[in-house]
Amino acid sequence: MDKLKLGIIGFGTVGTGVYKTLQNVKEVEVVKIAVKNINKPRQVDLPTSMLTDNPYEIINNPSIDVVVELIGGVNPAKEYIETAIKNGKHIVTANKELLAKFGEELFNLAEEYNRVILYEAAIAGGIPIIMPIKTILAGNKITKIQAILNGTTNYILTKMDSDGASYEDVLKEAQDLGYAETDPTGDVEGFDAAYKITTLSTIAFKTRIKLENVYREGITKVRKEDMAKANELGYKIKLIASATIDENNNADVRVHPMLVSKNSMLAHIDYVTNAVAISGHPIGNIVLSGPGAGEFPTASSVVGDILAIQAEFGKTDYMLPMMRCHHHSKANPVKIEDTFNKYYISITAPNAIGVIAMIGTICANKNISLSSILQKGVSEDNTADITVITERCREKLIREVVAELKDCTVNSIIRVAEGG
Ligand SMILES: NC(=O)c1ccc[n+]([C@@H]2O[C@H](COP(=O)([O-])OP(=O)(O)OC[C@H]3O[C@@H](n4cnc5c(N)ncnc54)[C@H](OP(=O)(O)O)[C@@H]3O)[C@@H](O)[C@H]2O)c1
């Protein structure tokens, strides 16, 4: 049996996990590994001839069948992948940023050269989600996804909840433990989750979602007081990547903190675990959860993709047709101000008679019903701490309500997930 020949570009956390996992896979041979700094100590012993700091020794090597791109970022990964495709290689990648920003261009190029790009590891790390959607769920009309797609932010929110600690304190602890990067922006501002939901919703809805139409808000403004109040009211706060599409192809895709009912599955996804809840017909509702990152979980997805190619390699001219990405039609983006949500609003108001009635009237004038309104004691500075949960209403109206609450301080507004 001819072995499938691989070149791996990038030998960090994921690349190393892939190499170690492939030691038990006899159908595949790693021919060459490219890194940035060839002198860096490595976790595994490699024959010196296997390492290079010139990725073109892989990309231009005619004996290599598959290029596994594991360096991340747009440049130079995009150029490496493009040249590799033009040189006849199939691609396996874990690069969510590149796919979210240039997926359409890259998939078109792969199609032109009759090659495939597989990327299971790019979305939710070790959780199998892309291949299931493309294959066994292919007969479904998927209309909704709600997902926890970033382990760092889920870790921070879980610790804030369990320890009653502030965002800043938990972030520092997460950085000390290696769960958050020194510059955490990509995670805590929701970029990473936005990249993932862009590609995931494109695949699930079979229509292209553009990254620039994905609304994004991170977790940096979530306060420990909001965590405590959410708990009292029967909720947890999670960074949710959410996507819905209606029958007219209007797609509402976004990433932001949400109150989720303690009765929901997502409320129980803690620390670095990820989860994807999918609603569709005829399947109904399913939730897949598991490790969204890490050396071996991510390697599991990368190696699965490599073996999917290996299983068909040399047997057909047009490989893995179900895994290809032909989504050229574009969804109509729904602007965040036109979306409908329930809202949690935390307000500090002057302790005057009728203040609750005043808040109720401002909402009622805009046809916004309140599902609860809660006042907790009066502070020494004679202000009242009021928490409101609204019924479903248009976001634009909530912004108008906030503008009218002139004598009050609005501490936070967090959208509330619907449907358990
Ligand atoms: N880590 C995870 O748990 C995880 C989960 C899901 C997806 N991903 C994705 O997987 C990819 C890799 O992540 P990672 O965590 O393994 O990254 P990493 O640990 O930072 O490793 C990156 C590797 O790429 C090499 N590299 C960087 N620029 C290069 C260049 N221009 N040419 C050749 N090699 C270059 C580095 O070389 P040196 O070793 O010499 O510095 C290093 O080996 C990213 O797209 C990431 O988003 C990661």
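Nothing here was measured: the structure is a model prediction, and the numbers come from that model.

Undergrad: Pulling in residues and values, what's your account of the nonpolar core?
TA: Counting residues in each nonpolar core, the largest one holds 112 residues, and the members touching the most others are Val18, Ile33, Ile156, Ile197 and Ile306. Broken down by element, this core gets its largest block of residues, eight residues, from helix 9 (residues 191–205). Here Ile33 is in contact with Ile8, Phe11, Tyr19, Leu46, Met50, Leu51, Thr52 and Ile58, once residues within four sequence places are set aside. The next biggest cluster of nonpolar side chains, apart from the first, holds 17 residues, and it includes Ile359, Cys363, Ile368 and Val401.

Undergrad: Account for unusual backbone geometry, with residues named and values stated.
TA: A cis amide bond links Asn75 with the next residue in sequence, Pro76, at an omega value of 5°. Considering the arrangement of structural elements, one finds Pro76 in the loop between strand 4 (66–69) and helix 3 (77–86). Not every positive phi belongs to a glycine, and Ala124 is a case in point at roughly 65°. Inspection of the secondary structure assignment puts Ala124 in the loop between strand 6 (117–118) and helix 5 (130–134).

Undergrad: Break down the sheet that holds strand 2 (residues 28–34) for me, with residues and values.
TA: Strands sit in the order 3-2-1-4-5-6 across an open sheet of six strands; the sheet is parallel. Every interior strand has two partners, whereas the edge strands, strand 3 (51–52) and strand 6, have only one. Of the strand pairs in this sheet, strand 2 and strand 3 are connected by two bridges, and their pairing is parallel. Bridging from a neighbouring strand, Ala34 pairs with Thr52 of strand 3. Set on the sheet, helix 1 (residues 13–22) makes contact with strand 1 (4–9) and strand 2; between it and strand 2 the angle comes to about 155°.

Undergrad: Residues and numbers for the pattern of salt bridges, please.
TA: Between side chains of opposite charge, a pair can form as their charged atoms come close. Summed over the entire model, instances satisfying the criterion amount to 29 salt bridges. For Lys20, the salt bridge is made with Glu295, and the minimal N-O distance between the two is 2.8 Å. Here Lys20 is found in helix 1, whereas its partner Glu295 is found in helix 11 (residues 295–312), with 275 residues between them in sequence. Its relative accessible area of 19% is what places Glu295 among the buried residues. Between Asp192 and Lys96 there is a salt bridge whose closest N-O contact spans 3.3 Å. One end of the pair, Asp192, is in helix 9; the other, Lys96, is in helix 4 (residues 96–112), and 96 residues separate them in sequence. Asp192 sits in the buried class, given a relative accessible area of 9%. Each of Glu104, Arg208, Lys210 and Lys330 takes part in a single network of salt bridges with overlapping partners.

Undergrad: Break down the packing of helix 4 against helix 9 for me, with residues and values.
TA: Running from amino to carboxyl end, helix 4 crosses helix 9 at an angle of 55°, the nearest separation of the two axes being 8 Å. As summarised for this structure, helix 4 and helix 9 are arranged oblique, according to the angle between their axes. Of the two elements, helix 4 crosses helix 9, and the hand of that crossing is left-handed. Across the interface between the two elements, Lys96, Glu97, Leu99, Ala100 and Lys101 of helix 4 pack against Asp192, Tyr195, Lys196, Thr198 and Thr199 of helix 9. Looking at the contact of helix 4 with helix 9, its residues break down into three nonpolar, two polar and five charged.

Undergrad: Mind laying out helix 10 (residues 224–232), listing which residues take part and the relevant values?
TA: Buried residues of helix 10: Asp226, Met227, Lys229 and Ala230, and no others. At its buried positions, helix 10 is contacted by helix 6 (151–163), strand 9 (235–245), strand 10 (250–261), strand 14 (340–350), strand 16 (383–390) and strand 18 (409–416). Count one or two residues on from helix 10 and you reach Gly234, which has phi positive near 95°.

Undergrad: Explain the site of the ligand to me, using residue names and the numbers behind them.
TA: Near the ligand, the surroundings consist of 24 residues, among which Phe11, Asn37, Lys40, Arg42 and Gly294 are the closest. Contact distances for the ligand include 3.1 Å between an oxygen atom and a backbone N or O atom of Lys36. Computed on the free molecule, the ligand has an accessible area of 900 Å², of which 78% lies beneath the protein chains in the complex. Residue classes in the shell around the ligand are distributed as twelve nonpolar, eight polar and four charged.

Definitions and limits used
- Every chain is numbered on its own, with residues counted from 1 as its sequence reads.
- Reporting of local features is limited, given that this is a predicted model, to residues whose pLDDT is at least 70; pairs of side-chain atoms are given and counted only at 80 or more, and all residues count toward the totals for whole chains, interfaces and linings.
- In computing side-chain values, all of the structure's heavy atoms are included and hydrogens and water are not.
- Throughout this description, the term nonpolar core refers to a set of buried Ala, Val, Leu, Ile, Met, Phe, Trp, Tyr and Cys residues connected via side-chain atoms within 4.5 Å.
- The buried label applies to any residue whose accessible area, calculated with a 1.4 Å probe on protein chains only, is under 20% of its type's maximum; exposed applies above 50%, and partly exposed to all values in between.
- For helices the rule is a DSSP run of H or I covering at least 4 residues; for strands it is a run of E covering at least 2, with both sets numbered from the N terminus onward.
- The contact definition used throughout considers only heavy atoms, calling two residues in contact when any of these lie within 4.5 Å.
- Should DSSP find at least two bridges between two strands, the strands are regarded as paired.
- Think of each axis as a best-fit line through the C-alpha atoms, taken over the contacting stretch in the case of a helix, with angles from 0 to 180 degrees between the N-to-C directions.
- Any Lys or Arg side-chain nitrogen found within 4 Å of a carboxyl oxygen on Asp or Glu counts as a salt bridge.
- Orientation is classified from the angle alone, with under 35 degrees giving roughly parallel, over 145 giving roughly antiparallel, 65 to 115 giving roughly perpendicular, and any other angle giving oblique.
- We call a crossing left-handed when the near helix sits turned anticlockwise from the far one by less than a right angle, and right-handed when that turn is clockwise.
- Under the convention adopted here, Pro, Cys and the residues Ala, Val, Leu, Ile, Met, Phe, Trp and Tyr are nonpolar, Asp, Glu, Lys and Arg are charged, and Gly plus all remaining residues are polar.
- Any residue with at least one heavy atom within 4 Å of a molecule or strand is counted as near it.
- For the purposes of these results, a polar contact is taken to be a pair of N or O atoms within 3.5 Å, where, inside protein, one atom must be able to donate a hydrogen and its partner to accept one; residues adjacent in sequence count only when each atom of the pair is a side-chain atom.
- Using a 1.4 Å probe, accessible areas were evaluated by the Shrake-Rupley method; residue-level cover was limited to the displayed protein chains.

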